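A closer look at the structure
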Amino acid sequence: MDNKNISIIHPRPSSIVAALYTLRDLNVDVAILHGPPGCSFKHARLLEEDGIHVVTTALDESGFVFGGHDALVNILHKVNDMFHPKLIGVVGTCASMIIGEEMHEPVMEANLDVPVIEVEVHAGYRNNTKGVLFALESALDAGIIDREEFKRQQHLLEEATNVELRHGAASKEYLAPSRGDVKYKVAQRIIELLKEGKRGITIMNAKKETGYMFADITLAVNEVAEQLGKADNIINMANIDQNLGLPRVRHHAECIMKDFEEKGLKVHEIIGGLDEYPITGTTIDQLIQEKYSDYDFAVITGVPHAIPMDHLSDMEIISVTNGPRQVLPLKELGHEHVLVEIDLHPKTLGVNHIVESEFGATLREVAKESL
Amino acid sequence: MNVHKRIAIYGKGGIGKSSTASNVAAACADEGYKVMIIGCDPKSDSSITLLGGKRIPTILDLLRDGVDVKEEDVIFKGYKGVQCVEVGGPEPGIGCAGRGIIVAIQTLKKISKSLNEMDLIIYDVPGDIVCGGFVAPIRKGLVKEAYVLTSGEYMPLYAANNICRGLAKINTPLSGIICNSRSVSREEEIVTKFAAEIGSELMAFIPKEQIVQDCERDGFSVIEKAPDSNIAQIYRKLARAIMERDTSVMPKALDDERLRELTR
Ligand SMILES: Nc1ncnc2c1ncn2[C@@H]1O[C@H](COP(=O)(O)OP(=O)(O)OP(=O)(O)O)[C@@H](O)[C@H]1O
Ligand code: SF4
Ligand code: SF4
Ligand SMILES: [Mg+2]
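Residues numbered from 1 in each chain as written. Chains lettered and ligands numbered in written order. Predicted model: local features only at pLDDT ≥ 70, side-chain atom pairs only at ≥ 80, totals over all residues. Heavy atoms only, no water.

Going by an unreviewed UniProt entry, chain B carries the name Mo-nitrogenase iron protein subunit NifH and comes from Methanococcoides vulcani. Quoted verbatim from the Sequence similarities (unreviewed entry) field of UniProt, the annotation for chain B is "Belongs to the NifH/BchL/ChlL family." Here is the UniProt Cofactor (unreviewed entry) comment for chain B, exactly as written: "[4Fe-4S] cluster". (UniProt positions renumbered as here; feature names shortened; annotations may be inferred.)

In the annotation of an unreviewed UniProt entry, chain A is listed under the name Putative methanogenesis marker 13 metalloprotein and assigned to Methanococcoides vulcani.

It is worth spelling out the overall build of chain A at this point. In terms of helices and strands, chain A carries 15 helices and 10 strands. Its C-alpha atoms give chain A a radius of gyration of 22 Å, within 12% of the compact-globule value 21 Å for 371 residues. By residue count, 57% of the 371 residues in chain A fall in the buried class. Pairs at least 24 apart in sequence give 72% of the contacts found in chain A among residues at least 6 apart. For chain A, the computed accessible surface area is about 16,000 Å², with 48% contributed by carbon and sulfur atoms. Each charge sign in chain A was given a centre, from 35 positive and 57 negative side chains, and these centres are 5 Å apart. (Helix = DSSP H or I, 4+ residues; strand = E, 2+ residues; numbered from the N terminus. Rg over C-alpha atoms; globule rule 2.2 N^0.38 Å. Buried < 20%, exposed > 50% of the residue type's maximum accessible area, 1.4 Å probe, protein only. Contact = heavy atoms within 4.5 Å. Areas by Shrake-Rupley, 256 points an atom, 1.4 Å probe, with all protein chains shown as cover. Lys, Arg positive; Asp, Glu negative; His and termini not counted. Charge placed at Lys NZ, Arg CZ, Asp CG, Glu CD.)

Moving on: the overall build of chain B. Counting its regular elements, chain B contains 12 helices and 8 strands. For 264 residues, the compact-globule estimate of 2.2 N^0.38 gives 18 Å, and chain B sits close to it at 17 Å. Considered along the principal axes of its C-alpha atoms, chain B spans approximately 55 × 40 × 40 Å. By the burial criterion, 56% of the 264 residues in chain B qualify as buried. For chain B, restricting intrachain contacts to residue pairs at least 6 apart in sequence, the fraction spanning at least 24 positions comes to 78%. Taken as a whole, chain B presents about 11,400 Å² of accessible surface, with 47% of it coming from carbon and sulfur. Distance between charge centroids for chain B: 4 Å, based on 35 positive and 35 negative side chains.

Residue and element names in this part refer to chain A. Burial within strand β8 (residues 297–302) is extensive, with 6 of its 6 residues counted as buried. As judged from the 6 bridges shared by strand β5 (residues 200–205) and β8, these two strands associate in the parallel manner. Bridge assignment links T202 to a residue of β8, and that residue is V299. (Pairing = 2+ DSSP bridges.)

What follows is about the interface of chain B and chain A. Between chain B and chain A, the contact holds 11 residues from the first and 7 residues from the second. Across the chain B/chain A interface, buried area totals approximately 840 Å², and carbon plus sulfur atoms make up 64% of it. Across the chain B-chain A interface, the total number found is 1 salt bridge. As a salt-bridge pair, E61 of chain A and R99 of chain B come within 2.6 Å of each other at their nearest N and O atoms. Linking chain B with chain A are 3 residue pairs in polar contact (both at pLDDT 80 or more). (Buried area = accessible area lost by both parts, 1.4 Å probe. Salt bridge = Lys/Arg side-chain N within 4 Å of Asp/Glu carboxyl O. Polar contact = N/O pair within 3.5 Å; in protein donor to acceptor, adjacent residues only side chain to side chain.)

What follows is about the packing of aromatic side chains. A complete count under the given rule lists 3 aromatic pairs over all chains for this structure. Ring geometry for Y125 of chain A against F134 of chain A: centres 5.2 Å apart, planes inclined by 75°, an arrangement best described as edge-to-face. Here R199 of chain A stacks its cationic end above the ring of Y295 of chain A, 4.3 Å away from the centre of that ring. Sitting over the ring of F66 of chain A, R64 of chain B keeps its end group 4.2 Å from the ring centre. (Phe/Tyr/Trp six-rings, centres within 6.5 Å; stacked < 30°, edge-to-face > 60°. Lys NZ or Arg CZ within 6 Å of the ring centre and 35° of its normal.)

What follows is about the domain arrangement of chain A. Frequently, the measure chosen for interface size is the accessible area that the parts lose on association. All names here are of chain A. Domain boundaries in chain A define domain 1 (15–145) and domain 2 (183–370). Centre-to-centre, using C-alpha coordinates, domain 1 lies 35 Å away from domain 2. Contacts between domain 1 and domain 2 engage 9 residues on the former and 10 residues on the latter. On the surface where domain 1 and domain 2 come into contact, there are 3 salt bridges. (Domains from an automatic or database assignment.)

Okay, the site of ligand 1 next. All names here are of chain B. Close to ligand 1 lie 19 residues; K17, S18, S19, K43 and E216 are nearest. Here an oxygen atom of ligand 1 and a backbone polar atom of G127 are 3.4 Å apart. In the environment of ligand 1, a nitrogen atom lies 3.0 Å from a nitrogen or oxygen atom belonging to the backbone of P207. Contact with the protein chains hides 84% of the accessible area of ligand 1, taken as 630 Å² for the molecule alone. Those elements that place two or more of their residues in the shell around ligand 1 are α1 (17–30) and α9 (210–218). Among the residues making up the shell around ligand 1, the classes are represented as 4 nonpolar, 8 polar and 7 charged. (Near = heavy atom within 4 Å. Nonpolar A, V, L, I, M, F, W, Y, C, P; charged D, E, K, R; others polar.)

A few words now on the pattern of salt bridges. Residues and elements named next belong to chain A. Tallied over the full model, the rule gives 35 salt bridges over all chains. For R248, the salt bridge identified is with D50, shortest N-O distance 3.8 Å. Here D50 lies in the loop between α2 (41–49) and β2 (53–56) and R248 lies in helix α11 (residues 247–262), a separation of 198 residues in the sequence. Classification of D50 as buried rests on a relative accessible area of 8%.

With that settled, the discussion passes to the site of ligand 2. In the vicinity of ligand 2, the contacting residues are I16, P36, C39, T93, C94, A95 and A123 of chain A. Taken together, the residues of the shell around ligand 2 sort by class into 6 nonpolar, 1 polar and no charged.

All names here are of chain A. For helix α12 (residues 280–292), the complete set of buried residues consists of T280, G281, I284, D285, L287, I288 and Y292. Along the axis of α12, the buried positions cluster into a sector of 165°, meaning they face one direction only. Among the exposed residues of α12, those oriented more than 90 degrees off its buried face are T282 and E290. (Arc of directions from axis to C-beta.)

This is the structure in C-alpha cells:
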C-alpha cells in the first residue's frame with residue numbers, strides 16, 4: 001500500500017500504552033512501567049480506573065545514568081507485598097530500553113512466586129500494535145496464553161494495522177481532529193427515516209470495552225423504533241460473540257449481551273468477537289449482500305471504517321466513532337453523517353454494564369419531543 | 001597572563017590522550033598557569049597521575065547518592081595546584097555514560113566559579129565518541145578548540161580522520177595534531193603530512209618511552225617524577241605551544257583512499 005511510507009505527524013497512542021492495555025486484557029493485577037515517572041501517565045491513570053494497579057520504577061536522572069536494576073527489584077517486592085497479585089506485567093519504556101536495561105535479571109533476582117510477563121517495548125515503533133504483539137509474545141513465553149490464541153491475536157493485529165492504513169488514523173500524514181456532525185440533527189434524521197417507514201440496520205463493530213457505550217446506541221435506535229411502532233424495521237448486528245478473545249474481552253461480551261437480553265433487544269446477527277472489529281467487515285458485507293441489501297439506512301458504531309462500502313453504498317449511513325481524527329476518512333468513504341462520542345473510552349473502563357452515550361441520549365430526547 | 005584556553009584532546013582509544021593531558025597540565029602548572037583537568041571518561045583515570053595515584057570522588061557518584069554537590073566536593077588540587085575533576089559514570093555495560101557526561105558537565109557549570117578563572121582547562125574524553133553525550137563539553141560551549149592525538153599507524157589515523165570530520169560537523173575548530181609515537185616506520189613524516197592535508201599542523205612528536213609507563217605505575221606524571229627526562233622536555237614544549245597557539249582551522253577530512261595512500 002502506498003501510504004505505508006508516509007510520515008504521520010498527528011499525535012497518537014504509543015506502543016507502550018498498547019502493551020499496557022494488552023496486559024490488562026491478559027488480566028494482570030499489576031503493571032510496572034520501567035522508566036521515567038511521568039511515562040504514559042494518562043493511560044496509566046485510566047487503567048487504574050479499570051481495576052489494575054499501574055506503578056512506575058520512576059527512573060530519574062541518576063537512574064538513566066546508572067540504570068534501574070535495583071529500582072525494578074525493589075518495586076517487584078513492593079507490589080507483591082502491597083497488592084498480592086496473581087500475575088504481574090513489567091513494561092519497558094524508551095528510557096530504559098535505550099540504555100539497554102535488562103528486565104529479566106531483576107525479575108529473576110526478585111524471585112517472586114508470581115508469574116511475570118516482561119515486555120521489552122518503547123514508544124518508537126511506527127505501528128503501536130507492536131506493543132500488543134510484544135506483550136502477547138511474552139505472555140506466550142510465560143505460558144499465559146496458548147499458541148492458537150497467539151496466532152489468532154497476531155492475525156487480528158495485522159488486520160487492525162491494515163484497517164488503520166486503509167481508512168483510519170494512519171491513512172494520511174495529518175488528520176485534523178473533528179467533533180463531527182451535530183447529534184441533534186442526525187437524531188432528527190433517524191426519526192424521520194423511521195417515520196417514513198424506512199428499514200435500517202444497526203451495526204455495532206466495537207473495539208473491546210468501548211462496546212459498553214456503542215451498545216447504548218443500538219439500544220436507543222431500537223427503543224425509538226419501537227415508540228414509533230417500527231420495531232420490526234430494524235435489524236441488529238453486533239460483534240459480541242462470547243466465546244472469542246482473551247478472558248477479559250469475552251467477559252465484556254457476556255455483560256453486554258446480558259444487558260441486551262434484559263432490555264429485550266434481539267441481536268439478529270453476531271458478527272464476531274469484541275476483538276474482531278478489524279475482520280468483521282467481510283462477514284457484514286456478505287450478510288448485507290445476502291439478506292439486507294434493500295435496507296435504507298445503517299447506523300454503524302465503533303470502528304465503522306473497517307467495514308467495506310461494497311453493499312452499503314446505496315444506504316444512508318450514520319456512523320459513530322470515538323476517534324475525532326476518524327471523521328474525515330469516514331466522510332471520504334461516503335458516510336453521510338459522522339458522529340463522535342467524545343471521551344468515550346474513559347467512561348467504558350471499570351464498568352460491566354452498558355453506559356449511556358451522548359448520541360443515544362440525544363436520540364431518546366428528540367424522540368420524546370417528536371411524539 | 002591573559003589566557004583562556006578551553007581544549008579537548010580527542011583520539012583513538014588507548015592512544016595516550018589521558019597521559020598526554022596530565023603531562024601537559026602538569027607542565028603548564030609548572031609555568032605558573034592556573035590549570036584544571038576535567039576527566040569526561042566513566043573510567044575516571046584522567047587525573048590519577050596528578051594526584052599521586054589516588055582516586056577522587058566523581059561528580060556522578062555524588063549525584064547518585066543524592067548529594068547537593070558543591071564545588072569543593074568535586075574539585076581536588078593535584079600537582080602544583082592543578083584542579084582535578086572526574087565526571088565518573090556507570091560500570092561498563094550498564095546505564096548510560098553519555099547522559100552521565102551531560103548531567104555532570106551541566107552540574108559543574110552551575111556550581112563552579114573557578115571554571116572561569118582558569119587559564120587552561122583540558123577536557124579529557126574517552127576514545128570512542130559513541131553518542132552525543134561524549135561531545136557534551138563541546139556542545140555545551142565549554143570547549144573552544146580541539147587537539148587530535150594520533151600515532152602513525154593506520155587505525156589511529158583513521159580514527160583521527162573521522163574525528164576531524166566530526167569536529168567540522170559540529171563546528172569545532174581544530175588547533176593541531178599531536179603525534180604520540182608507537183615507533184612505527186616513517187611515523188613523523190606520515191603524521192606531518194596528514195596534519196597538513198587536513199589543513200592543520202603537527203604540534204609535537206612524543207616518542208614512545210618506557211618512563212611514561214613507569215611514572216604512571218607509581219601514580220605520577222613524567223613532569224613530576226622525571227622532570228629532567230627527555231620526554232618531560234617534549235611535554236613542556238608542547239604545553240607552551242598550546243598556550244601560545246592562536247590559530248585553528250575547520251579540518252577537512254581525507255577520503256579513505258587518500259588516507260591509505262598516506263600510510264603506505
Ligand atoms: N609516549 C608514550 N610512551 C609510552 N607509553 C605511553 C605513551 N603515551 C601513553 N602511554 C601509555 O599508553 C597507555 C594508554 O594511555 P592513555 O590511558 O593515556 O590512553 P587514552 O588515549 O587516554 O586511552 P582511553 O581512550 O582508553 O582513555 C598508558 O599505559 C600510558 O602510560
Ligand atoms: S519518551 Fe518514551 S519513556 Fe519517555 S515518557 Fe515518552 S513514552 Fe515514556
Ligand atoms: S550510546 Fe550514549 S546515549 Fe546511548 S545509552 Fe550509550 S551512552 Fe547512553
Ligand atoms: Mg583516557
